[in-house]
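Chain by chain, the residues run as shown.
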Number of protein chains: 2
Amino acid sequence: MGVTIKDIAKETGFSVATVSRVLSNKVGFFSQDTAAVVNAAATKLGYKKNMAATELVTQKSSVIAVIVNSTKTNFSDPIIEGIQQKAAESDKRVIILYAGDHDATSQRRALSTALERPIAGVLLLSVDLFEENLQLLKTAQVPFRFISISFKDSALNYVASDDQQIGYLATKYLIKMGHRCIGLAGIDIESSAHTGKMRLAGYKRALAENNIPLQKNWIQTGNYSYEAGLLAMQNYSNQKCISAVITGSDLVGIGLLNQAAKLHLSIPDDLSLITIDGTYLCRIVQPQLTSVTQDFYHMGYLGAEYLISDQQQNAFTDVKISERESVKKLTL
Amino acid sequence: MGVTIKDIAKETGFSVATVSRVLSNKVGFFSQDTAAVVNAAATKLGYKKNMAATELVTQKSSVIAVIVNSTKTNFSDPIIEGIQQKAAESDKRVIILYAGDHDATSQRRALSTALERPIAGVLLLSVDLFEENLQLLKTAQVPFRFISISFKDSALNYVASDDQQIGYLATKYLIKMGHRCIGLAGIDIESSAHTGKMRLAGYKRALAENNIPLQKNWIQTGNYSYEAGLLAMQNYSNQKCISAVITGSDLVGIGLLNQAAKLHLSIPDDLSLITIDGTYLCRIVQPQLTSVTQDFYHMGYLGAEYLISDQQQNAFTDVKISERESVKKLTL
DNA sequence: CTGAAAGCGCTTACAG
DNA sequence: CTGAAAGCGCTTACAG
């Protein structure tokens with residue numbers, strides 16, 4: 001339908017080969033005069049290159065497919081920005097595919113959409129791939145890398161935060177602030193959930209190092225959602241000992257915050273809160289939430305960089321404590 | 001690199017034509033026996049169709065490109081879900097392109113990425129296209145439609161909320177609740193900003209119908225951001241008359257809410273708030289924000305439907321008042 | 001510097 | 001029901 005190089009060839013009298021050469025700027029293969037004529041014709045006719053054809057013949061593509069969970073969490077945006085930045089620097093394009101919310105069918109659909117055309121690689125943003133879909137990806141002969149999710153077996157490449165360190169840092173910070181009864185809420189520690197288990201391990205390590213015996217019901221598992229936060233706070237409300245809680249995501253933290261208010265508990269006077277993620281949500285609630293902040297932007301940037309340069313090793317991006325208003329220093 | 005129909009032809013002894021026919025399920029053009037053999041070989045070899053090639057020859061595509069602003073607003077998710085739903089029903093695929101935040105360059109990059117390959121159409125989610133990029137889109141010979149943004153001139157097709165009605169409904173609701181000094185905050189009413197001007201028009205109409213003379217500083221313009229909300233509240237704080245404010249987005253509403261707290265003003269006791277959008281953010285702040293709620297999911301669904309079926313008319317999706325906790329009934 | 005030709009992976013009249 | 005052949009829009013050795 002659109003105008004093709006054939007049209008330009010006809011218009012200018014040059015062959016399609018020559019037209020192709022100037023349009024794809026194969027320097028040294030055409031004169032400036034020719035270039036001028038061809039380019040003029042191209043803009044005159046409103047030519048737009050059909051990359052699909054180019055990709056077919058060159059057998060390579062400059063598009064990176066990013067698969068994202070349409071999850072309730074909200075940190076994909078800075079990751080994607082980081083990816084876009086790196087992609088722009090490397091002259092790659094990026095397309096984004098939504099993989100639903102832990103739904104095998106829509107996960108497969110997203111993956112197929114990406115894999116059914118030539119692509120430079122795929123980046124998976126905190127998507128927990130079903131086994132069948134992982135196989136699909138592996139057989140595709142396309143480089144891929146996970147972002148914001150890490151794995152036990154290092155067969156799968158990733159760029160993520162060190163979840164053990166996150167759990168450790170959060171706990172140590174709270175201890176430093178004088179807390180000794182510390183909850184951990186809203187994380188998933190089922191067998192396949194590496195993230196939650198690592199955070200738990202870091203939490204336990206910090207506790208152990210400070211000779212604090214872990215009480216069983218300090219841990220309130222959940223799926224990182226707002227509702228999980230609500231529920232966790234409900235469960236903590238009859239444990240008077242607890243003076244601080246680490247929450248698995250900003251939304252969990254906000255859930256605790258709001259449920260606490262309902263219970264007439266004041267944050268941080270009656271209960272301190274430190275949340276994991278540190279997205280903008282921390283700053284739009286009252287009180288603002290202190291957080292272990294992940295460097296999502298850099299995670300995306302680095303993930304794209306590793307994918308593009310075909311590096312094989314994994315990487316952890318930095319995390320840091322962002323002190324805001326939800327943790328109270330206890331003086332004994 | 002991957003396995004092609006040629007490989008399957010070789011493997012099975014059939015011609016590529018026959019292989020193609022069974023693989024793309026041209027019923028009636030092959031026997032069940034043949035199909036069985038070919039399909040077996042396909043799965044055995046791990047065949048994956050190269051849609052780029054298919055699109056090249058058939059001159060059509062089943063992918064819809066969705067261009068989104070990587071804006072601070074957060075209503076794209078339900079819109080995209082609606083699009084995905086309709087796309088799945090119609091056997092279309094969807095790819096998403098980020099167009100930056102009102103940045104001409106990254107807008108063009110997103111558009112080019114979409115337009116440089118065969119696509120079924122493009123959907124633009126509240127992206128305010130620069131003139132040059134609009135021209136690019138128009139010359140592409142591809143159907144397109146805007147979502148969540150409407151236009152004065154109906155040359156451009158859209159599915160959106162009726163912004164005039166939004167402004168009108170919000171104002172009327174507040175009046176019904178006994179308010180007569182009503183602010184309007186965080187909207188953009190510059191010359192090119194149709195959305196803001198329509199909301200303002202609705203607001204003015206409701207005021208006029210109730211014989212309320214509009215005071216000039218009731219209107220605090222802004223760019224729909226959290227910061228705009230903060231600033232607007234600051235500006236309202238010396239206008240004791242104002243008893244209620246309509247905010248241009250949920251983030252603006254939250255900005256007002258938090259700035260009010262800083263000023264020791266209690267919502268809704270000292271000031272009522274109704275916000276426009278009604279995303280999940282309204283439910284995770286305290287008090288929960290009453291809103292004029294837009295039907296983003298349906299907006300996406302309908303936008304995709306109109307695009308696919310090539311309808312030319314515009315459409316408004318429903319809006320409704322969701323009563324929560326931020327508006328107080330004034331009894332005179 | 002330029003053109004004719006082959007080919008990327010697929011589809012589809014046309015002929016059998 | 002099946003195959004040979006042309007062609008989608010491009011690129012790139014090869015020859016000049």
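Residues numbered from 1 in each chain as written. Chains lettered and ligands numbered in written order. Predicted model: local features only at pLDDT ≥ 70, side-chain atom pairs only at ≥ 80, totals over all residues. Heavy atoms only, no water.

Of the transformation placing chain B onto chain A, the axial shift is 0.0 Å and the rotation is 180 degrees, giving an RMSD of 0.0 Å. These values place the two chain copies in the arrangement generated by a two-fold rotation axis. Among all residues of chain B, the one whose C-alpha sits closest to the rotation axis is Ile-96 of chain B, at a distance of 2.4 Å. (Least-squares fit on C-alpha atoms with pLDDT ≥ 70 in both.)

Now for unusual backbone geometry. Cis geometry is found at the peptide bond from Ile-267 of chain A to Pro-268 of chain A, where omega equals 5 degrees. Along the polypeptide, Pro-268 of chain A turns up in the loop between α11 (250–262) and β9 (272–277). Across the junction of Gln-286 of chain A and Pro-287 of chain A, the peptide omega takes the value -10 degrees, indicating a cis bond. Although it is not a glycine, Ser-126 of chain A adopts a positive phi angle of roughly 45 degrees. Tracing the chain through its elements places Ser-126 of chain A in the loop between β3 (121–125) and α7 (131–138). One non-glycine residue, Gln-141 of chain B, lies in positive phi territory at about 60 degrees. By secondary structure assignment, the location of Gln-141 of chain B is in the loop between α7 (131–138) and β4 (144–147). The class for Gln-141 of chain B is exposed, based on a relative accessible area of 63%. (Helix = DSSP H or I, 4+ residues; strand = E, 2+ residues; numbered from the N terminus. Buried < 20%, exposed > 50% of the residue type's maximum accessible area, 1.4 Å probe, protein only.)

A few words on the sheet that holds strand β7 (residues 219–221) of chain B. Residues and elements named next belong to chain B. Taken in spatial order, the 6 strands of this open sheet run β7-β6-β8-β9-β10-β12, and their pairing is mixed. Strands with a single pairing partner mark the edges of an open sheet, and in this sheet they are β7 and β12 (319–322). Put simply, the sheet's adjacent strands are angled 15 degrees from each other on average, direction ignored. With 4 bridges connecting them, strand β6 (residues 182–187) and strand β8 (residues 244–247) associate as parallel partners. Counted as the bridge partner of Leu-184 is Ile-246 from β8. The sheet strands contacting helix α9 (residues 194–209) are β6, β7, β8, β9 (272–277) and β10 (290–294), and the helix crosses β6 at an angle near 175 degrees. (Pairing = 2+ DSSP bridges. Axes fitted to C-alpha atoms, helices over the stretch in contact; angles between N-to-C directions. Contact = heavy atoms within 4.5 Å.)

All right, on to the state of the cysteines then. A complete count under the given rule lists 2 disulfides over all chains for this structure. For Cys-181 of chain B, the disulfide goes to Cys-241 of chain B, at an S-S distance of 1.7 Å. A torsion of -45 degrees about the S-S bond marks the disulfide between Cys-181 of chain B and Cys-241 of chain B as left-handed. Taken as a pair, Cys-181 of chain B in the loop between α8 (163–176) and β6 and Cys-241 of chain B in the loop between α10 (226–236) and β8 lie far apart in primary sequence, 60 residues in all. The thiol sulfur of Cys-282 of chain A is not disulfide-bonded, and the nearest other cysteine sulfur, from Cys-282 of chain B, lies at 19 Å. Look at Cys-282 of chain A and you get buried, because its relative accessible area is 0%. (Disulfide = S-S within 2.5 Å.)

A few words on the interface of chain B and chain A. The parts lose accessible area when they come together, and the size of an interface is often stated as this lost area. Each side of the interface is counted separately: chain B has 46 residues, and chain A has 46 residues. When the two sides are added together, the surface that chain B and chain A hide from each other amounts to roughly 4000 Å², 54% of it contributed by carbon and sulfur. On the chain B side of the interface with chain A, the three residues burying the most area are Lys-48, Tyr-98 and Ile-284 of chain B, jointly 16% of the side's total. Linking chain B with chain A are 4 salt bridges. (Buried area = accessible area lost by both parts, 1.4 Å probe. Salt bridge = Lys/Arg side-chain N within 4 Å of Asp/Glu carboxyl O.)

Right, let's talk about the packing of helix α5 (residues 76–89) of chain A against helix α12 (residues 296–308) of chain A for a bit. Angle between the axes and distance between the axes are the two parameters that describe a pair of packed helices. All names here are of chain A. The interhelical angle for the contact between α5 and α12, taken along N-to-C directions, is 40 degrees, at an axis separation of 6 Å. Of the possible angle classes, the one that applies to α5 and α12 is oblique. As α5 packs across α12, the resulting crossing turns out to be right-handed. Between α5 and α12, the residues in contact are Pro-78, Ile-79, Glu-81, Gly-82, Ile-83, Gln-85, Lys-86 and Glu-89 and Phe-296, Tyr-297, Gly-300, Tyr-301, Ala-304, Glu-305 and Ile-308, respectively. Residues that form the contact of α5 with α12 fall into these classes: 8 nonpolar, 3 polar and 4 charged. (Parallel < 35°, antiparallel > 145°, perpendicular 65-115°, else oblique. Left-handed = near helix turned anticlockwise from the far one by under 90°. Nonpolar A, V, L, I, M, F, W, Y, C, P; charged D, E, K, R; others polar.)

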